[in-house]
Amino acid sequence: MYTIYMYTVCGYLSLHQLFVYVFYCTVLCLTSVQAAKIQWTLDEKDLQQVMVSGPNLNETSIVSGGYGGPAGGIIPTSSIKGSGMHHSNSNQNMSVEEANRGVAVEKLDSVKKWGINTYKCTKQMFSERFGRGSRTVDLELEAQIDVLRDTKRKYESVLRLTSALTSHFYNLVQTQQALGDTFADLSQKSPELRDEFGYNAETQKLLCRNGDALLGAINFFVSSINTLVNKTMEDTLMTIKLYEAARLEFDAYRADLEELSLGPRDAATMVRIEVSQQQYQVQRDKYERLRSDVTIKLKFLEENKVKVMHKQLLLFHNAISAYFAGNQQQLEQTLRQFNVKLKPPGSDKPSWLEES
């Protein structure tokens, strides 16, 4: 392989010859491994048949006659075996061998098709990378895909920052609650400062109640953003990956058909051109179908994103504004408006988003 690499670098082997060499080496190795597996399976089945079959029935005998019978009453079993038993065993063995042979041929054919497809796609990918091959480009769709990927990165940043805000604010609420409890305890034990400690205790408890309400709103915001980014957008991006793979296969078979069409038009070449035309049509239909799927998913994703973010941004703004303005009624009204469920009283354990 090092010699082949040096020949390629020095210019003695072309890129196409290198692809052919690597492809045939791969197919040869896979074929050898597959044949070894099939032979091992057949040897194992033969060994099991020998172990199960037991002693040879041709060497056994049946005693005929009763008391005082002749000495020649021993009849070998081979004399009573009909020809039908031999035919049935031979037919059964032949059917098993044919079935095993059919499975082996099917597996080798599958490996061959996979190798050819991988070779063509790899050749097309390197041709595009080195600027020697053409690729199918949908400018409008490619622009929408780039926008989606950039939007997903920015939304992931928003999700990371709001998750950090949730964690920090949860710690703040817990500190306020502990401080309020301490002030209340000191107001009972310090008669001369009872009123002052009492005022501060009530203030911290009020802030703690409002903090729990704001924490519920932020948790609801984070949960919605997480669903949008890691489920809805991710599902669309998975379809886009399938579309890009289908585009590469389509261009690979298109380039192969164009190369055959430029060659001689003898009988063998015409047959290859016809087969290549059928494969090209299959890949084209697959590419067109996935492109349509991506277009539809991008459209629905944009509509869903606008709808979800309009609601969540309004919730986030109203809750933050009401909390820092000290408007408890406005904060509670905001939670009711967006159907935000608060944690039950006494539930001090943070959610998984707060712990992360």
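Quick notes on the rules
Residues numbered from 1 in each chain as written. Predicted model: local features only at pLDDT ≥ 70, side-chain atom pairs only at ≥ 80, totals over all residues. Heavy atoms only, no water. Core = buried A, V, L, I, M, F, W, Y, C linked by side-chain atoms within 4.5 Å. Buried < 20%, exposed > 50% of the residue type's maximum accessible area, 1.4 Å probe, protein only. Helix = DSSP H or I, 4+ residues; strand = E, 2+ residues; numbered from the N terminus. Contact = heavy atoms within 4.5 Å. Salt bridge = Lys/Arg side-chain N within 4 Å of Asp/Glu carboxyl O. Polar contact = N/O pair within 3.5 Å; in protein donor to acceptor, adjacent residues only side chain to side chain. Patch = residues over 30% accessible without salt bridge, like charges linked within 9 Å, V, L, I, M, F, W, Y side chains within 5 Å. Areas by Shrake-Rupley, 256 points an atom, 1.4 Å probe, with all protein chains shown as cover. Arc of directions from axis to C-beta. Expected span 1.5 Å × (residues − 1). Bend = angle between axes of the 7 residues up to and from the residue. Phe/Tyr/Trp six-rings, centres within 6.5 Å; stacked < 30°, edge-to-face > 60°. pLDDT = per-residue confidence, 0-100.

## Notes on the nonpolar core
Then, number 1: Among the nonpolar cores identified, the biggest contains 43 residues, and Ile145, Leu148, Ile240, Tyr243, Val294 and Leu298 are the most heavily contacted of them.
Then, number 2: Among the elements of the structure, α4 (139–189), α5 (194–261), α6 (267–324) and α7 (328–337) are those that each provide at least two residues to this core.
Then, number 3: Sequence-distant contacts of isoleucine 240, that is, excluding residues within four places in its chain, are made with Ile145, Leu148, Arg149, Val294 and Leu298.

## A look at unusual backbone geometry
Excluding glycine, most residues fall at negative phi; most peptide bonds, likewise, are trans.
Then, number 1: With a phi angle near 55°, asparagine 339 is a residue other than glycine that sits in the positive phi range.
Then, number 2: Its location among the elements puts asparagine 339 in the loop between α7 and α8 (352–355).
Then, number 3: Asparagine 339 sits in the exposed class, given a relative accessible area of 55%.

## Observations concerning the pattern of salt bridges
Then, number 1: For the coordinates displayed, the defined rule picks out 16 salt bridges.
Then, number 2: Linking lysine 123 and glutamate 259 is a salt bridge whose minimum nitrogen-to-oxygen distance equals 3.6 Å. With a gap of 136 residues between them, lysine 123 in helix α3 (residues 83–129) and glutamate 259 in helix α5 connect regions that are remote in the sequence.
Then, number 3: Among the ionic pairs, aspartate 138 bridges to arginine 291, the shortest N-O distance being 3.7 Å. Separated by 153 residues along the polypeptide, aspartate 138 in the loop between α3 and α4 and arginine 291 in helix α6 bring together distant segments of the chain.
Then, number 4: Accessibility expressed as a relative area gives 24% for arginine 291, which makes it partly exposed.

## Thoughts on the environment of threonine 162
Then, number 1: By the secondary structure assignment, threonine 162 is in helix α4.
Then, number 2: Residues threonine 162 and asparagine 219, 57 residues apart in the sequence, show an inter-C-alpha distance of 8.8 Å.
Then, number 3: Residues in contact with threonine 162, not counting those within four places in the same chain, are Ile218, Phe221 and Val222.
Then, number 4: Within the structure, threonine 162 has its side chain in polar contact with the backbone oxygen of leucine 159 (distance 3.1 Å).

## Description of the environment of serine 321
Then, number 1: For serine 321, the location among the structural elements is in helix α6.
Then, number 2: Given the relative accessible area of 35%, serine 321 is considered partly exposed.
Then, number 3: Taking the C-alpha atoms as reference, serine 321 lies 10.0 Å from leucine 214; in sequence the two are 107 residues apart.

## A short note on a nonpolar patch on the surface
Then, number 1: Judged by side-chain polarity, Met125, Phe126 and Phe130 come together as a nonpolar surface patch covering roughly 270 Å² of accessible area.
Then, number 2: In this structure, phenylalanine 126 sits in helix α3.
Then, number 3: Its relative accessible area of 32% is what places phenylalanine 126 among the partly exposed residues.

## Comments concerning α7
Then, number 1: Those residues of α7 not exposed but buried are Leu331, Thr334 and Leu335. For α7, the buried positions fall inside an angular range of 100° around the axis, keeping them on one side. Summarising the geometry of α7, the exposed residues directed more than 90 degrees from the buried face are Gln329, Arg336 and Gln337.
Then, number 2: The elements touched by buried residues of α7 are α5 and α6.
Then, number 3: You can read the cap of α7 off the contacts: a side-chain oxygen lies 3.4 Å from the backbone nitrogen of glutamine 329, and it is on asparagine 327.
Then, number 4: Among the residues trailing α7, asparagine 339 stands out with phi positive, at a value near 55°.

## Description of α5
An α-helix turns once per 3.6 residues; consequently, residues spaced three or four apart project the same way.
Then, number 1: The end-to-end C-alpha distance of α5, which contains 68 residues, comes to 98 Å, matching closely the 100 Å that a straight helix rising 1.5 Å per residue would cover.
Then, number 2: The sharpest bend along α5 measures roughly 35° and falls at glutamate 234.

## A short note on the packing of aromatic side chains
Then, number 1: Tallying each qualifying case throughout the model produces eight aromatic pairs.
Then, number 2: Both rings, one in phenylalanine 221 and one in phenylalanine 316, keep their centres 4.8 Å apart while their planes meet at 40°; by these two values the pair is tilted. Of the two residues, phenylalanine 221 is situated in helix α5 and phenylalanine 316 in helix α6; the sequence distance between them amounts to 95 residues.
Then, number 3: Accessibility expressed as a relative area gives 3% for phenylalanine 221, which makes it buried.
Then, number 4: Given the relative accessible area of 24%, phenylalanine 316 is considered partly exposed.
Then, number 5: Taken together, a centroid distance of 4.9 Å and an interplanar angle of 90° make the contact between tyrosine 323 and phenylalanine 324 edge-to-face.
Then, number 6: Three or more aromatic residues link up through ring pairs in this structure, and these residues are Tyr243, Phe250, Tyr280 and Tyr287.

## Considering the side chain of lysine 305
Then, number 1: Take lysine 305: it is sitting in helix α6.
Then, number 2: A polar contact of 3.3 Å, which involves the side chain of lysine 305, links it to the side chain of glutamate 302.

## Structural notes on the confidence of the model for the chain
Then, number 1: Here the chain averages 77 in pLDDT, while 71% of its residues score no lower than 70.
Then, number 2: Strand β1 (residues 61–63) is the least confidently modelled element of the chain, averaging 40 in pLDDT, while α4 averages 94, the highest of any element.
Then, number 3: When the criterion is pLDDT under 50, residues 1–13 qualifies, and its contacts beyond four places in sequence or with other chains add up to nine contacts.
Then, number 4: Overall, residues 30–81 carries pLDDT values under 50, and its contacts beyond four positions in sequence, including any with other chains, amount to 27 contacts.

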